[in-house]
Amino acid sequence: MTENTPEKVPAIVSQALTWLDRMGIAYRYIPDAQLWEFVYDGLYMLLMNDCNDNEFGLYAPVLITDTDDEEIQKMVYECSASSIEQELSSNCDFGYHGEGLCHIAQWWGIESKNPKLTKKVFVEKLKEMHGFQIEMHFILHGTYEGMFNPPTEVMREIFKDLKFDESHEQ
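Residues numbered from 1 in each chain as written. Predicted model: local features only at pLDDT ≥ 70, side-chain atom pairs only at ≥ 80, totals over all residues. Heavy atoms only, no water.

Caption draft 1: Focus on the sheet that holds strand β2 (residues 35-40). An order of β1-β2-β3-β4-β6-β5 is seen for the 6 strands of this open sheet, with the pairing classed as antiparallel. Two strands close off the open sheet at either side, each with one partner strand: β1 (27-30) and β5 (92-98). Taken pair by pair, the neighbouring strands of this sheet meet at an average axis angle of 25°, ignoring direction. Where β1 meets β2, 4 bridges bridge the pair, whose relative direction is antiparallel. Counterpart to R28 in the pairing with β2 is E37. (Pairing = 2+ DSSP bridges. Helix = DSSP H or I, 4+ residues; strand = E, 2+ residues; numbered from the N terminus. Axes fitted to C-alpha atoms, helices over the stretch in contact; angles between N-to-C directions.)

Caption draft 2: The pattern of salt bridges, seen in detail. Enumeration according to the criterion identifies 3 salt bridges in this entry. Residue R28 is joined to E37 by a salt bridge in which the shortest nitrogen-to-oxygen separation is 2.2 Å. (Salt bridge = Lys/Arg side-chain N within 4 Å of Asp/Glu carboxyl O.)

Caption draft 3: Examining helix α3 (residues 119-148) more closely. An ideal rise of 1.5 Å per residue puts 44 Å on 30 residues; α3 measures up with 43 Å between its terminal C-alpha atoms. F122, V123, K125, L126, M129, H130, F132, Q133, M136, I139, L140 and T143 are the residues of α3 that are buried. (Expected span 1.5 Å × (residues − 1). Buried < 20%, exposed > 50% of the residue type's maximum accessible area, 1.4 Å probe, protein only.)

Caption draft 4: A nonpolar patch on the surface, seen in detail. Judged by side-chain polarity, V154, I158 and F159 come together as a nonpolar surface patch covering roughly 250 Å² of accessible area. Tracing the sequence through the fold places V154 in helix α4 (residues 152-169). (Patch = residues over 30% accessible without salt bridge, like charges linked within 9 Å, V, L, I, M, F, W, Y side chains within 5 Å. Areas by Shrake-Rupley, 256 points an atom, 1.4 Å probe, with all protein chains shown as cover.)

Caption draft 5: Quick look at the environment of I12. Locating I12 in the fold gives a position in helix α1 (residues 11-22). Classification of I12 by relative accessible area gives buried; the value is 0%. Considered as a pair, I12 and H103 are 91 residues apart in the sequence and their alpha carbons are 22 Å apart. For I12, the residues in contact, after removing those within four places along its chain, are D53, N54, E55, F56, I110, P115, K116 and L117. (Contact = heavy atoms within 4.5 Å.)

Printed below as a string of structure tokens:
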């Protein structure tokens, strides 16, 4: 655990941090954002600290493209939004932040007098978020490629129509 800790850590969040410790996953607290950051299975994730005692939330940033053009990044995100919404769980939230980043977030509550987060449930939720994060990246990448690097067949079809129009005018 890190030396930089908040005054209050909700019960379920504390249990999640214990599971991260036991799984050998390093984490650290980001005070300004009230988040615990860590890497799970190669992907960056954040555990929300600003929760009720019986809930926890995971937040996963996703890079939209590796281009520095903010207009292209926003366009790719906006064109991907409906596909992302169709693929995600109903209790997921996603959004655009600018500067090439968007996010996916999800919260879970444990209804009980003494809420307990088991390792099995925690790992299931980590895997679920990991899957959503990969899926979101795949959709964003596919949208970018479709917009800026269309398949050869699409380009042939476009140019075929253009050639037809030009020959028709002559």
